[in-house]
Amino acid sequence: MLQGSFWSKVGVSSEHDPLKKMGWHVKNKAPARSTTILIVILFFGVYMYSNYCIDSNLLSRSTPAPVNNQIVQDQKTFKRIEIPLNCSAGKLTRTCPTNYPENVGEFASTTECPNYFRWIHEDLLPWKNTGITLDMVERAKRTANFRLTILDGKAYMEMYKKSFHSRDMNTIWGILQLLRRYPGKLPDLDLMFDCLDWPAIKSSDYQGPNATSPPPLFCYSGNAETLDIVFPDWSFWGWPEINIKPWNILSKEIQEGNRNTKWIDRDKYAYWKGNPSVAPNRREFIKCNVSAKNDWNARLYAQDWRSETRKGYQNSNLATQCTHRYKIYIEGQAWSVSEKYILACDSPTLLIKPIYYDFFTRGLVPMQHYWPIKANDSCRSIKFAVDWGNDHIEKVQAIGRAASNLMHEGVKMDNVYDYMFHLLNEYAKLLRYKPTIPSKAVNICTETLACQADGTAERFMMESMVKSPGDSGPCSLPPPFDPPDLQDLLRKNDDSINEVEMLEGKFWENQPK
C-alpha cells in the first residue's frame, strides 16, 4: 500500500492517490543488509569506471562543472550536460535535489517557430489591456484540477481534485521536463489548470458594460465560444492506462509503419477505430459502416478498452493502424487526443467538421492537411471523398504527406516544448502581481514523480524524461496576426471547405435516384 506519498500533502486522500490508482507503491521497509552491500559495490564500480573513462579521454574534460549552482557554457565548446535522476531514497523520495542547474547560459534562437505558434497571442488577447491579477487567477479555481506556481525555476503544485486517469500527472510531468530543458529560463508565474476534454470559460459570461475580466484557465482545447488558454495535452508524455506511448517514441514507430506499408498498397477505404458510445455524434457516425444495404467506403471499428486491457493491448497499437488509404477523425464528447495519431499516418485525414481545437490544429489548412467532411451528412461525404481520392491519387497523397510532415516535424517534441515555453513566458508577462508559494502547495520535480513510479507509468516517464538542457534556445516566436490577415486566413479556409462541398453536391446530383 502506498503510504506517505507527496500527493497526500496536497490534500489527496489515500483512496484517491493518483500514484496508488496507477499501481505505484512505496516500500516502507528498511533496505536489507544485502541490498546495502550491493549498492556500495555498484557505487564503487561506477567510481572506478568513471576514473577509467577520464584516463582514457572517453569523458570530455571540456564539459563545464557547476559553479555556485550555475553552469557557464561557451557555445563553441558546448558539451551536453546530463541532469541525473536522483532517486537516492528510492521509492521514499519526497524531496527535490538542490543541485539542479539554475542556468545554462544564453543561447540564441536558431529556428523560426511554426506558424501555429501565432495563436498564442490570440489565446492571451483577452488580458492584453487589463493584465492578469491575483483575483482573476483565483476565480479560475472553480473548475481547476490543480494550481501550478513557478518561482526561481522551481515548481510548486496545489492539487484541488483528481483528474480522469493520469492527465494531471502527465501534464505536470511535461512541465517539469520543460524546466529541465530550459533551466532558469522561465519567469515566475502562477496558473490554474483544468484537465477535462472541453473548455470551461464561456466568452458570453464576460461581455457587456459591467462584465468582469475572464479568469485565465489553462485547458487542452477551446472553441469559438470560449476563452480557455490552450495547452499541449497529457498524452504527449504517454497515457499509461491505455498503453499509448509518449509522442517522442510513438511518432518514430508510426513513421516506421508508414514506410512498411506504402500508401498505394493500403486498403482503398476510410478507417476509424474508437469508442462510439461516448457521444451522440459518434453513435450516429458508426451507422456509416459497411452493411448489406450500403457501402459508404468506411471501415469502422468499435474500441473496447476493457477488453484490450485484458488482452494486453494486442489490437490497439497505433503504430500498426496506418493500413488504409484514408483515416477518419471525429470528435467525441469534445476534442480527442486521437487527432495527432490520425494525421501522422501519411493517409489523408477525412476530418468531420470539428467544434473544438487544440494548440496546433488551428494551423491545419483544408485540402492541404486534411479533407473536410460534413458533420450532418458524413456517410455520403465520406463516400465521395474516397471515390474522388482513388481517382486523384497524386492529389490526395500530397494531402496525407503534408499532414504527416506537420505532425512529425512541426509538432515534434522540440516544438511542443517550445510552444509551452513561449505560452508560459507570454502569460507571465501579463501578471500584475508577484507570485508566491500557495500555503498548501508542495515543491515538485522530476524526482518526486518518477522515483515513486512503477510499471508502465515508470517506463513512460523514463522514455519521455528530458535528460539534458537544450543546446540552443527556443525557436523564435512569430508576431501576432494582424486582424485583416487573420480574417483573410479564416476566409480562405472557409472558401476551401465550401469548394469541396460544392464539388460533392454536384457529384450526388448526378447520381441515379
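Residues numbered from 1 in each chain as written. Predicted model: local features only at pLDDT ≥ 70, side-chain atom pairs only at ≥ 80, totals over all residues. Heavy atoms only, no water.

**Things to note about the overall build of the protein**
Stage number 1. Within the protein one finds 15 helices and 13 strands.
Stage number 2. Sequence-distant contacts, at least 24 apart, represent 76% of the contacts inside the protein between residues at least 6 apart.
Stage number 3. As displayed, the protein has an accessible area near 25,000 Å², and 52% of this comes from carbon and sulfur atoms. (Helix = DSSP H or I, 4+ residues; strand = E, 2+ residues; numbered from the N terminus. Contact = heavy atoms within 4.5 Å. Areas by Shrake-Rupley, 256 points an atom, 1.4 Å probe, with all protein chains shown as cover.)

**As for the side chain of Arg 362**
Stage number 1. Looking at the element boundaries, Arg 362 is found in the loop between strand E11 (356–357) and strand E12 (371–373).
Stage number 2. The buried category is assigned to Arg 362, whose relative accessible area is 12%.
Stage number 3. In terms of polar contacts, Arg 362 uses its side chain to reach the side chain of Asp 123, at 2.8 Å.
Stage number 4. With near-sequence residues (within four places) excluded, Arg 362 lies in contact with Trp 119, Asp 123, Val 230, Tyr 357 and Tyr 419. (Buried < 20%, exposed > 50% of the residue type's maximum accessible area, 1.4 Å probe, protein only. Polar contact = N/O pair within 3.5 Å; in protein donor to acceptor, adjacent residues only side chain to side chain.)

**Observations regarding the sheet that holds strand E10 (residues 349–352)**
Stage number 1. As summarised here, the arrangement of the five strands in space is E8-E7-E9-E10-E12, forming an open sheet in which the pairing is parallel. Either end of the sheet is taken by a strand with one partner, and the two such strands are strand E8 (298–302) and E12. For this sheet, the mean inter-axis angle between neighbouring strands, taken without regard to orientation, is 30°.
Stage number 2. Sheet topology note: the E10/E12 ladder contains three bridges and is parallel. Bridge pairing in E12 links Leu 350 to Trp 371. (Pairing = 2+ DSSP bridges. Axes fitted to C-alpha atoms, helices over the stretch in contact; angles between N-to-C directions.)

**Concerning the pairing of strand E2 (residues 154–159)**
Stage number 1. For E2, the tally of buried residues reaches five of six residues, placing the bulk of the element in the interior.
Stage number 2. One ladder, built from six bridges, connects strand E1 (residues 146–151) with E2; its direction is antiparallel. Bridging across to E2, Leu 148 finds its partner in Met 157.
Stage number 3. The loop that links E1 with its antiparallel partner E2 comprises two residues; one of these, Asp 152, has a positive phi angle of about 50°.
Stage number 4. Across three bridges, the pairing between E2 and strand E13 (residues 442–444) is antiparallel. When the bridges of E13 are listed, Tyr 156 appears paired with Asn 443.

**As for helix H14 (residues 455–464)**
Stage number 1. Of all the residues in H14, the buried ones are Ala 457, Phe 460, Met 461 and Ser 464. Along the axis of H14, the buried positions cluster into a sector of 100°, meaning they face one direction only. (Arc of directions from axis to C-beta.)

**Structural notes on the side chain of His 324**
Stage number 1. Position of His 324 relative to the elements: it lies in strand E9 (residues 324–329).
Stage number 2. Of note is the side chain of His 324, whose polar atom sits 3.2 Å from the side chain of Thr 323.
Stage number 3. Other than its neighbours up to four places away in sequence, His 324 contacts Arg 266, Asp 267, Tyr 269, Tyr 271, Arg 299 and Ser 347.

**Side note on the packing of aromatic side chains**
Each aromatic ring pair is specified by the distance between its two centres and by the angle formed by the two planes.
Stage number 1. As enumerated under the stated definition, the model contains 30 aromatic pairs in all.
Stage number 2. Here Phe 193 and Phe 231 contribute two aromatic rings whose centre-to-centre distance is 5.5 Å and whose plane-to-plane angle is 90°, an arrangement assigned as edge-to-face. Taken together, the residues span a long stretch of sequence, with Phe 193 in strand E3 (residues 189–193) and Phe 231 in the loop between strand E6 (229–230) and helix H6 (247–260) at a distance of 38 residues. By the burial criterion, Phe 193 is buried, and Phe 231 matches it.
Stage number 3. Taken together, Tyr 116, Phe 117, Phe 236, Trp 237, Trp 247, Tyr 341, Phe 359, Phe 360, Tyr 417 and Tyr 419 form an aromatic cluster joined through their ring pairs.
Stage number 4. Just above the ring of Trp 263 sits the side chain of Arg 325; from NZ or CZ to the centre is 4.7 Å. (Phe/Tyr/Trp six-rings, centres within 6.5 Å; stacked < 30°, edge-to-face > 60°. Lys NZ or Arg CZ within 6 Å of the ring centre and 35° of its normal.)

Read these as layout, nothing more, since geometry by itself doesn't imply function.
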